[in-house]
Structure formats: C-alpha cells, structure tokens
Amino acid sequence: MTWLITGGAGYIGAHVVRAMTEAGERTVVYDDLSTGVAERVPAEVPLVRGSTLDADLLARTLAEHEITGVVHLAAKKQVGESVERPLHYYHQNVEGLRVLLEAVTRAEVPSFLFSSSAAVYGMPDVDLVTEETPCRPMSPYGETKLIGEWLVRAAGRATGLSTASLRYFNVAGAASPELADTGVSNLIPMVFEKLTEGAPPRIFGDDYATPDGTCVRDYIHVADLAEAHVTVARALESSPGTDLTLNIGRGEGVSVREMIDLVNAVTGYDRPPTVTPRRPGDPARVVASADRIATELSWQAKYDVQDMITSAWDGWLHHHPEAARS
Ligand code: WQD
C-alpha cells in the first residue's frame, strides 16, 4: 500500500506519517505548507506541495505515486477563526474534500480515512459521548467536519470506497520534540506560554457544572492517535466496503484545573492559575466513550495525561530554547 497523507506536514499529520512509515507502509505527503512545515516530513518521504482544491495536481499525484489509500488531514482547524471566516472554512474544508474525493474515486483508490473532530458533537449532554450521540456542531469548523463525514460516507456508498471518519478528542503531546505542536491555541501550550512569560496560567471560567467548576475534556496523546490511524488503515485495507465512524479518545475526563496543576508539577513552575471569564462557546464537559474502537478494532490508548504534558514540554523547550534558560 502507498498512502497519501494530506496535511502530512502538520502537527498531527507528521505523527501519522511517522507511525505509518514505522508500521511498514509507504507514504507520500500532500500539503500546501500554509501552516505545515516541510522539515517535519522525513527526507525519504516524497512531499508534494499543493492544495486539495487543485484537481489536476491531485490526479497526477495519485497516478504518479500509485496511491492505494488516502489519509485526509489537510484542513483549517481554528474554531474562533471559523466563526469570523465561515466561507473560507467551507471552501477549504468542504470544497477541498469534495475535489479530493472526486480525484480519489476517479482514480479508483480503494481506501479513505478522514480526520474528523469531537467538534461535531457541539455541547453534548451526556457523560460519555458515543458515536450515536446526536451531532450538533457549534461552529462553522465543526459543521465542516460533520459535512465532511457525510461527503465521505456518500462517496463510499456510491463507489465502494472503504471509508473511516475518526473523531479526535483533545490531542496533545509529541512523539519526539521536533514533531511537537508549534501553535499556541490549545490549553497545554497556552499554559506553557504564560508560565515561561512569568505570568499565571488562565482558567477560562470556574463556574461550570463540573466537580471543580472548570471544563472537563478527554485528552489523547498524539502518538496514540497516530497509532489509531495505522490500525484503522489496516482495517480498511483488509475489509473492502467498510464504513467506520470512531471516537478517538481515552474515555477519561480531566478538568482544566487538574491539567494546570499537572503542568505546574511537570515544569516545576508551581504558579497558581488565575480565573478569567468563560470563553464563549466552551462546553462544560466533552469526554469520549472509547468503547467502539476497542470492541471493533481492539485498539486503545497507551499514554496518560502525564506523558502528554511531559512530551509537550520537551517539545516546547526544543522550539523555545530561551524558555530553558529562564
Ligand atoms: C480546552 C479547555 C478551555 C486555554 C478545541 C476545539 C476542538 C479541537 C481541539 C480541533 C477549554 C480551557 C484553554 C487556557 C483555559 N480542535 N482553557 N485556559 O476548546 O476543548 O477544543 O481544540 O481541531 O474542536 O474546539 O480545546 O485546548 O482550546 O481548551 O481554561 O489558557 O481549556 O476553555 O475548556 P477545546 P482547548
């Protein structure tokens, strides 16, 4: 098999490339490098620089590299930005996927794995979110992921393409420092940034209906998430006509306050957080039921939250050497 990994120069994509390559699969990266970084792609993995809106380049790439499966991660992923620029998000994430699916089905590529998100659920009112929990996305970003799942499934039904949509929960950590997330838009890097600036980390609201009043999430190590892609890719290869929708989480809720306490412990800063007003649109609790992938594919996460924070901190120090000196 040769897998085309769109978005393979991104934080999650580069981990998927590494996991698939280590599992013995051939990979080719397709990335427009708008936020991806070419240095994340191993020298031996071909990198095609291009957009998923470019039908001609996609068709050429699928043919030239004899692609037999696609893992599609290339997308815009900032929830707040999607509220400001919904048409841009729909164009990139929905139209980009439609064009890609057209190329994939024309080339008769048999397997397609789509990167979806827990954002499809919106504000779930259940303790553990199963794949059957109704999807009510709260942002254009979440809408584009849900529509993406529909497109992928419809293409599969019409053409026999084997498909899977993986709903990632809160992804964190790094398999090695150079692959770490360099963005500062999620909780752990935002806490690192505050601590290394000498400022207190912020809790966005502590009056939620949760045990300590702060929001609860299901954090998943990016190395575990990448391994899940290998497992699902193999399942698609071995059972043509498959259509899977799977949560990728650990089934364990951790509060913002617990996370900040752990970050303080791992980094040795020991700086108490300050509480600021709620961030609009944040659900109180989003925790996966991780049962379906465990039952159907015998997959479960190996790493815990401590592993995520420790590896993310190693990555932060790698990308911010000044923080190590301070
Ligand atoms: C986690 C919790 C914040 C920073 C988002 C997207 C989701 C997915 C992952 C996909 C929240 C709180 C944060 C801080 C805080 N994106 N927080 N202080 O919002 O659960 O999920 O990223 O590609 O679709 O919605 O993740 O890491 O931003 O926040 O209190 O300085 O931490 O309010 O409760 P979120 P997050």
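Residues numbered from 1 in each chain as written. Predicted model: local features only at pLDDT ≥ 70, side-chain atom pairs only at ≥ 80, totals over all residues. Heavy atoms only, no water.

Where an unreviewed UniProt entry is consulted, the protein appears under the name UDP-glucose 4-epimerase, with the organism given as Streptomyces lucensis JCM 4490. Recorded under Sequence similarities (unreviewed entry), the UniProt text for the protein is reproduced unchanged: "Belongs to the NAD(P)-dependent epimerase/dehydratase family." Within the UniProt record for the protein, the comment given under Pathway (unreviewed entry) is "Carbohydrate metabolism; galactose metabolism." (UniProt positions renumbered as here; feature names shortened; annotations may be inferred.)

A. Up close: the UniProt feature "domain: NAD-dependent epimerase/dehydratase" (unreviewed entry) in the protein. In this numbering, the UniProt entry assigns the feature "domain: NAD-dependent epimerase/dehydratase" (unreviewed entry) to residues 3-249. Helix makes up 39% of residues 3-249 and strand 19%, with an end-to-end C-alpha separation of 24 Å. (Helix = DSSP H or I, 4+ residues; strand = E, 2+ residues; numbered from the N terminus.)

B. Inspection of the site of the ligand at higher detail. L187, R202, R217, R279 and D282 are the nearest of the 19 residues found near the ligand. One of the side-chain N or O atoms of Y141 is found 2.9 Å from an oxygen atom in the ligand. Coverage of the ligand by the protein amounts to 86% of the 690 Å² it exposes when considered alone. For the shell around the ligand, the elements supplying multiple residues, two or more each, are α6 (187-197) and β8 (202-204). With three residues, the top contributor of residues to the shell around the ligand is β8. In terms of residue class, the shell around the ligand is built from 10 nonpolar, four polar and five charged. (Near = heavy atom within 4 Å. Polar contact = N/O pair within 3.5 Å; in protein donor to acceptor, adjacent residues only side chain to side chain. Areas by Shrake-Rupley, 256 points an atom, 1.4 Å probe, with all protein chains shown as cover. Nonpolar A, V, L, I, M, F, W, Y, C, P; charged D, E, K, R; others polar.)

C. Quick peek at the packing of α6 against helix α8 (residues 256-267). At a minimum axis separation of 10 Å, α6 and α8 run at an interaxial angle of 50°. Viewed along their axes, α6 and α8 adopt a mutual orientation that is oblique. Note on packing geometry: the crossing formed by α6 with α8 is right-handed. Across from L187, I188, V191, F192 and L195 in α6, the residues of α8 making contact are V256, M259, I260, V263, N264 and T267. (Axes fitted to C-alpha atoms, helices over the stretch in contact; angles between N-to-C directions. Parallel < 35°, antiparallel > 145°, perpendicular 65-115°, else oblique. Left-handed = near helix turned anticlockwise from the far one by under 90°. Contact = heavy atoms within 4.5 Å.)

D. Representation of the pairing of strand β4 (residues 69-72) in the model. Residues G69 and V71 line one face of β4 and the alternating positions V70 and H72 line the opposite face, and both faces are buried. Relative to β4, strand β1 (residues 2-6) is paired through four bridges, and the arrangement is parallel. Bridge pairing in β4 links I5 to V71. With four bridges connecting them, β4 and strand β5 (residues 111-117) associate as parallel partners. Looking at β5, one finds that H72 is bridged to F114. (Buried < 20%, exposed > 50% of the residue type's maximum accessible area, 1.4 Å probe, protein only. Pairing = 2+ DSSP bridges.)

E. Here's a closer look at the side chain of T267. Inspection of the secondary structure puts T267 in helix α8. By relative accessible area, T267 is classed as buried at 15%. Not counting chain neighbours up to four residues away, the residues in contact with T267 comprise F192, L195 and W313.

F. Spotlight on the packing of aromatic side chains. Within the structure shown, the criterion is met by four aromatic pairs. With a centroid separation of 6.2 Å and an interplanar angle of 35°, the aromatic rings of Y121 and F169 are classed as tilted. Of this pair, Y121 sits in the loop between β5 and α5 (140-159) while F169 is found in the loop between β6 (162-168) and β7 (170-172), placing the two residues 48 residues apart along the sequence. Accessibility classification places Y121 together with F169 in one group, the buried group. Judged by centre distance (6.2 Å) and plane angle (85°), the rings of Y269 and W313 are edge-to-face. (Phe/Tyr/Trp six-rings, centres within 6.5 Å; stacked < 30°, edge-to-face > 60°.)

G. Inspection of the sheet that holds strand β11 (residues 243-248) at higher detail. Overall, parallel pairing links the seven strands, which are arranged β3-β2-β1-β4-β5-β6-β11 in an open sheet. Either end of the sheet is taken by a strand with one partner, and the two such strands are β3 (47-49) and β11. The mean angle between the axes of side-by-side strands here comes to 20°, regardless of whether they run parallel or antiparallel. Here six bridges tie β6 to β11, and the two strands are oriented parallel to one another. Residue pairing for β11: L166 is matched across the bridge by L246.

H. Highlighting the sheet that holds strand β14 (residues 285-286). With mixed pairing, the three strands of this open sheet are ordered in space as β12-β9-β14. Edge positions in the sheet fall to β12 (254-255) and β14, since each of these pairs with one other strand and no more. The pairing of strand β9 (residues 216-217) with β14 spans two bridges and is classified as parallel. If you follow V216 over to β14, its bridge partner there is R285.

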